[in-house]
Amino acid sequence: QVQLVESGGGLVQPGGSLRLSCAASGSIFSVNAMGWYRQAPGKQRELVAAITSGGSTDYADSVKGRFTISRDNAKNTVYLQMNSLKPEDTAVYYCNADTTLMDGYEYDYWGQGTQVTVSS
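Notes on the overall build of the protein chain
Then step 1. Helix and strand counts for the protein chain come out as zero helices and 11 strands.
Then step 2. In sequence order, the protein chain lays out its α and β elements as β-β-β-β-β-β-β-β-β-β-β.
Then step 3. In summary, the protein chain has a C-alpha radius of gyration of 14 Å against a globular reference of 14 Å for 120 residues, a match within 12%.
Then step 4. Structurally, the protein chain occupies a C-alpha span of about 50 × 25 × 25 Å along its principal axes.

Details of the state of the cysteines
The term disulfide refers to a covalent linkage connecting the sulfur atoms of a pair of cysteines.
Then step 1. For the structure shown, the criterion picks out one disulfide.
Then step 2. Paired by a disulfide, Cys22 and Cys95 hold their sulfur atoms 2.1 Å apart. Disulfide Cys22-Cys95: torsion about the S-S bond near -85°, hence left-handed. In this pair, Cys22 is assigned in strand β3 (residues 18-25) and Cys95 in strand β9 (residues 91-101), connecting sequence segments 73 residues apart.
Then step 3. By relative accessible area, which is 0% here, Cys22 ends up buried.

Notes on the packing of aromatic side chains
Then step 1. Overall, the coordinates contain two aromatic pairs when judged by the stated rule.
Then step 2. When the centroid spacing of 6.5 Å and the interplanar angle of 45° are considered together, the rings of Tyr107 and Tyr109 count as tilted.
Then step 3. For Tyr109, a relative accessible area of 15% puts it in the buried group.
Then step 4. If you follow Arg19 out to its NZ or CZ, it ends over the ring of Tyr79, 4.5 Å from the centre.
Then step 5. Against the face of Trp110 rests Arg45, its NZ or CZ located 4.6 Å from the ring centre.

The rules behind each value
Residues numbered from 1 in each chain as written. Predicted model: local features only at pLDDT ≥ 70, side-chain atom pairs only at ≥ 80, totals over all residues. Heavy atoms only, no water. Helix = DSSP H or I, 4+ residues; strand = E, 2+ residues; numbered from the N terminus. Rg over C-alpha atoms; globule rule 2.2 N^0.38 Å. Disulfide = S-S within 2.5 Å. Buried < 20%, exposed > 50% of the residue type's maximum accessible area, 1.4 Å probe, protein only. Phe/Tyr/Trp six-rings, centres within 6.5 Å; stacked < 30°, edge-to-face > 60°. Lys NZ or Arg CZ within 6 Å of the ring centre and 35° of its normal.

The values reported here are purely geometric and, on their own, carry no functional implication.
Here's what the structure looks like:
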């Protein structure tokens, strides 16, 4: 089974920055697309940013120009650099990975979630 371990969340003031990390481990043949989702209390989970194995990225309109997703394929790790944070960015952020395991099939995995709170 693949495990996704997230880190980097916390409390930050508006305008501040945080960097989230998510490392995938297990018997993985390859990590395909990876992404970050977030969910605030009482709201649906939404895609924040995604990155393909080839490095193509996609962002939610609300975070474009402020967030940057990147990955280190050698470490099976995806990052989310969050700058100019706003209170509305407050949510639990979940890492997602589309993987190909040793059996040759693709599986979708989720991290445990990390809390990001933007408040003065």
